[in-house]
Amino acid sequence: MCQEVKKTCSCGQKDAQFHLRDNVMGQEVIDRLFCPTCSADLKLDPETMVSDNGWIIEYDMDVARMFAVTKLTMDAAHVNPQFVFDQGYATWREMYPGETEDIADEREKIIAMKESNPKEYLSAINSWAVERIARLKADGWRKAQLA
């Protein structure tokens, strides 16, 4: 079972949902969130922060290391913000914040084919997913890079 967490960015304008893989880390590992608007003038601290297409997540690395040591039996020296995000221990619930809303219309049109033409539906949903991941990779989203 995995825990999901919703955070609001520093300026209060946007929300993002996070996925905490295997409940290894608690929600307190996510210290602050900065959307592209409120991160514009922020200096990235690679010791505590990870950047993803203008979004910046600041982690409480003391807490993250404590979880990694106790639950993953890892050496704390190997735990950094990139590890926490890229390994899914505290990462976007989706490929990027707001993805579910962004793809709703596209997905609905393809799913509508399911009843009338199941073969075309399977082909369309498959190519749509592949093309979408390629587009997200080109846009530079971290999770897409790892897909």
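Okay, so let's go over this structure. None of these values were measured; they are calculated from a predicted model.

**Topic: the overall build of the protein**
For the protein, the helix and strand inventory stands at six helices and six strands. Its helices and strands taken in sequence order, the protein reads β-β-β-β-β-α-α-β-α-α-α-α from the N to the C terminus. Projecting the C-alpha coordinates of the protein onto the three principal axes gives extents of approximately 55 × 35 × 25 Å. The buried share of the protein, reckoned over its 147 residues, is 35%. Across the protein, every contact between residues at least 6 apart in sequence was considered, and the portion connecting residues at least 24 apart equals 53%. About 8,500 Å² of surface is accessible on the protein, with carbon and sulfur atoms providing 48% of the total.

**Quick notes on helix H3 (residues 99–111)**
With 13 residues, H3 should cover 18 Å at 1.5 Å per step; its first-to-last C-alpha distance of 17 Å lies within 8% of that length. Inspection of H3 places Glu-99, Ile-103 and Ile-110 among the buried residues, and these make up the whole buried set. Where H3 is buried, its residues meet helix H4 (113–116) and helix H5 (118–139).

**Description of the side chain of Glu-99**
The topology assignment puts Glu-99 in helix H3. Accessibility expressed as a relative area gives 6% for Glu-99, which makes it buried. If we skip the residues at most four places from it in the chain, Glu-99 touches Glu-94, Arg-132 and Leu-136.

**Re the environment of Gln-87**
By the secondary structure assignment, Gln-87 is in the loop between helix H2 (81–86) and strand E6 (91–92). Spatially, the C-alpha atoms of Gln-87 and Leu-20 are 10.0 Å apart, while their sequence positions differ by 67 residues.

**Let's talk about the sheet that holds strand E5 (residues 55–59)**
Across the sheet, three strands lie side by side as E3-E5-E4; this open sheet has antiparallel pairing. A strand with exactly one partner marks an edge of an open sheet, and here the two such strands are strand E3 (30–34) and strand E4 (49–52). Looking at each pair of strands side by side, their axes are set apart by 20° on average, direction ignored. The pairing of E4 with E5 spans four bridges and is antiparallel. Within the sheet, the bridge partner assigned to Met-49 lies in E5 and is Glu-58.

**A word on the packing of aromatic side chains**
This structure, assessed with the given rule, holds five aromatic pairs. Judged by centre distance (5.6 Å) and plane angle (75°), the rings of Trp-55 and Trp-92 are edge-to-face. With Trp-55 in strand E5 and Trp-92 in strand E6, this pair connects stretches of sequence that are 37 residues apart. Accessibility expressed as a relative area gives 1% for Trp-92, which makes it buried. Aromatic ring contacts, followed pair by pair, group Phe-18, Trp-55, Phe-85 and Trp-92 into a single cluster. Over the aromatic face of Trp-128 sits the side chain of Arg-132, whose NZ or CZ is 5.3 Å from the ring centroid.

**Focus: helix H1 (residues 61–72)**
All of the buried residues along H1 are Met-61, Val-63, Ala-64, Phe-67 and Ala-68. One side of H1 carries all its buried residues, which in axial view fall inside an arc of 155°. Along H1, exposed side chains directed more than 90 degrees from the buried face belong to Asp-62 and Thr-70. For H1, the secondary structure elements touched by its buried residues are E5 and H2. A side-chain oxygen of the first residue of H1 lies 3.2 Å from the backbone nitrogen of Asp-62; this N-cap is Asp-60. Just downstream of H1 lies Thr-73, where phi reads positive at about 50°.

About the thresholds
- Residues numbered from 1 in each chain as written.
- Predicted model: local features only at pLDDT ≥ 70, side-chain atom pairs only at ≥ 80, totals over all residues.
- Heavy atoms only, no water.
- Helix = DSSP H or I, 4+ residues; strand = E, 2+ residues; numbered from the N terminus.
- Buried < 20%, exposed > 50% of the residue type's maximum accessible area, 1.4 Å probe, protein only.
- Contact = heavy atoms within 4.5 Å.
- Areas by Shrake-Rupley, 256 points an atom, 1.4 Å probe, with all protein chains shown as cover.
- Expected span 1.5 Å × (residues − 1).
- Pairing = 2+ DSSP bridges.
- Axes fitted to C-alpha atoms, helices over the stretch in contact; angles between N-to-C directions.
- Phe/Tyr/Trp six-rings, centres within 6.5 Å; stacked < 30°, edge-to-face > 60°.
- Lys NZ or Arg CZ within 6 Å of the ring centre and 35° of its normal.
- Arc of directions from axis to C-beta.
- Polar contact = N/O pair within 3.5 Å; in protein donor to acceptor, adjacent residues only side chain to side chain.

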